[in-house]
Amino acid sequence: MKARRQAIVVSFSGIDGAGKSTQIEMLRTSLTEAGLGSSLLTFWDDVAMFSGLREFCGHLVFGGDKGVGSPDKPINRRDKNVTSWPAMVMRLFFYLFDATSLSFQVAKAKRSNADVVIFDRYIYDEFANLPLEHRLVRSYVRTMMKLVPKPDVVYIIDADPSQARLRKPEYPYEFLQRNRASYLELKKIDESMTIIAPSSMIEAHSNVIAALGEKLPEQQHKFFSNIKAFIEP
């Protein structure tokens, strides 16, 4: 009896407002058109542990707003953008629990009936909150990246921080600048990550499916190649 092919796991990361949700939605549509089933896991809801406690601490201890910001209703969150050393040590502690949960969720996802499992954010988004210029922090990140399961395709959706903040006004512009630099630094640590450069939604989608196409069975790979050729400007 032929063993069933394991699900392909992909992840989307990037600064808030970069357009991850849009690219995920477009990818799922293309997968459906290619005859492939997909499922979606949200890191903060399905993987991160003690998420309620963490949001409560960000609201109570640091005085930040709750919820999701929008252009007509901006908010001021204070959680991952707090840079004090006590806050960073707390993050390092929580990230260990998240890594354990992530390992379980990825193993479960690979056994699922979906052809492609998409993670909306990954542990890389947590690493991007850390001061990667410090040697000890970089060592921690390098070690963790060896321990956690790596997706078959890792997307970093890059964006201009000023444009991203217009779409999702939650964090100060200065933090988004630092955060973007951290994602690009993670690419230096793991060269296999796929950076989707700032571009139109269609161009970005073309680059997304190009990176995934090589991981698909031959028939779907040809289909994706046709989609890419059709949508390229």
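See the structure shown above.
Residues numbered from 1 in each chain as written. Predicted model: local features only at pLDDT ≥ 70, side-chain atom pairs only at ≥ 80, totals over all residues. Heavy atoms only, no water.

An account of the packing of helix α1 (residues 20-33) against helix α9 (residues 201-213) is needed here, citing residue identities and associated values.
Orientation of α1 relative to α9, taken along the N-to-C sense of each, is 55°, at an axis distance of 10 Å. In terms of orientation, α1 and α9 fall into the oblique class. Classified by chirality, the crossing of α9 by α1 is right-handed. Only M201, I202, A204, H205, V208, I209 and L212 of α9 make contact with α1, whose side of the interface consists of T22, Q23, M26, L27, S30 and L31. (Axes fitted to C-alpha atoms, helices over the stretch in contact; angles between N-to-C directions. Helix = DSSP H or I, 4+ residues; strand = E, 2+ residues; numbered from the N terminus. Parallel < 35°, antiparallel > 145°, perpendicular 65-115°, else oblique. Left-handed = near helix turned anticlockwise from the far one by under 90°. Contact = heavy atoms within 4.5 Å.)

Could you give an account of the packing of aromatic side chains, with specific residues and numbers?
A complete count under the given rule lists nine aromatic pairs for this structure. Centre to centre, the rings of Y171 and F175 are 5.3 Å apart; their planes meet at 45°, and the pair counts as tilted. Note on Y171: relative accessible area 4%, which makes it buried. Using a relative accessible area of 5% as the deciding quantity, one classes F175 as buried. Taken together through their ring pairs, the aromatic side chains of F50, F93, F94 and F97 make up a single cluster. (Phe/Tyr/Trp six-rings, centres within 6.5 Å; stacked < 30°, edge-to-face > 60°. Buried < 20%, exposed > 50% of the residue type's maximum accessible area, 1.4 Å probe, protein only.)

Which residues make up the pairing of strand β3 (residues 116-120), and what values go with them?
Burial of β3 is extensive: five of the five residues sit out of reach of the surface. A two-sided burial pattern is seen for β3, the buried positions comprising V116, I118 and D120 on one face and V117 and F119 on the other. Sheet topology note: the strand β1 (residues 8-13)/β3 ladder contains five bridges and is parallel. If you follow V10 over to β3, its bridge partner there is I118. Relative to β3, strand β2 (residues 38-42) runs parallel, the two being bridged by five bridges. Residue L40 lies in a different strand from β3, and its bridge partner there is I118. (Pairing = 2+ DSSP bridges.)

Please give an account of the nonpolar core that cites residues and values.
Among the nonpolar cores identified, the biggest contains 62 residues, and V10, I123, F127, L130 and L186 are the most heavily contacted of them. Counting residues per element, this core draws most heavily on helix α4 (residues 85-110), at eight residues. Here L186 is in contact with Y124, F127, A128, L132, V141, M145 and M193, once residues within four sequence places are set aside. (Core = buried A, V, L, I, M, F, W, Y, C linked by side-chain atoms within 4.5 Å.)

Can you tell me about the pattern of salt bridges, naming the residues and giving the values?
What the rule picks out here adds up to nine salt bridges. Where D158 meets R180, a salt bridge forms, and the shortest distance between an N and an O atom there is 2.7 Å. Taken together, the positions of D158 in the loop between β4 (153-157) and α7 (161-167) and R180 in helix α8 (residues 173-189) put the pair 22 residues apart, joining distant regions of the chain. With a shortest N-O distance of 3.7 Å, K188 and E185 are connected by a salt bridge. Linking K188 with E185, this pair stays in helix α8, spanning three residues, or about one helical turn. Residue K188 is classed as exposed on the basis of its relative accessible area of 57%. The class of E185 is partly exposed, set by a relative accessible area of 22%. One network of salt bridges, with partners in common, ties together D16, K80, R121, D125 and K168. (Salt bridge = Lys/Arg side-chain N within 4 Å of Asp/Glu carboxyl O.)

Tell me about α9, and name the residues and values.
Taking 1.5 Å of rise per residue, the 13 residues of α9 would be expected to cover 18 Å, and the 18 Å separating its terminal C-alpha atoms lies within 8% of that figure. Listed in full, the buried residues belonging to α9 are A204, H205, S206, V208, I209, L212 and G213. (Expected span 1.5 Å × (residues − 1).)

Talk me through the pairing of β4; I want residue IDs and the actual numbers.
For β4, the buried fraction is high: five of the five residues fall into the buried class. Judged by which residues are buried, β4 turns out to be covered on both faces: V153, Y155 and I157 on one side and V154 and I156 on the other are all buried. Pairing of β1 with β4 involves four bridges; the strand directions are parallel. Its bridge partner being in β4, F12 is matched across the sheet by Y155. The pairing of β4 with strand β5 (residues 194-196) spans three bridges and is parallel. Bridge pairing in β5 links Y155 to T194.

Requested: an account of helix α6 (residues 135-147), with residues and values cited.
The terminal C-alpha atoms of α6, which comprises 13 residues, lie 19 Å apart, in line with the 18 Å expected from a rise of 1.5 Å per residue. For α6, the complete set of buried residues consists of V137, R138, Y140, V141, M144 and M145. Buried residues along α6 cover an arc of 155° about the axis, so they all sit on one side. Turned more than 90 degrees away from the buried face of α6, the exposed residues are R135, L136, K146 and L147. Next to the buried residues of α6 lie α4, α5 (123-127) and α8. (Arc of directions from axis to C-beta.)

Coordinates in, geometry out; function isn't part of it.
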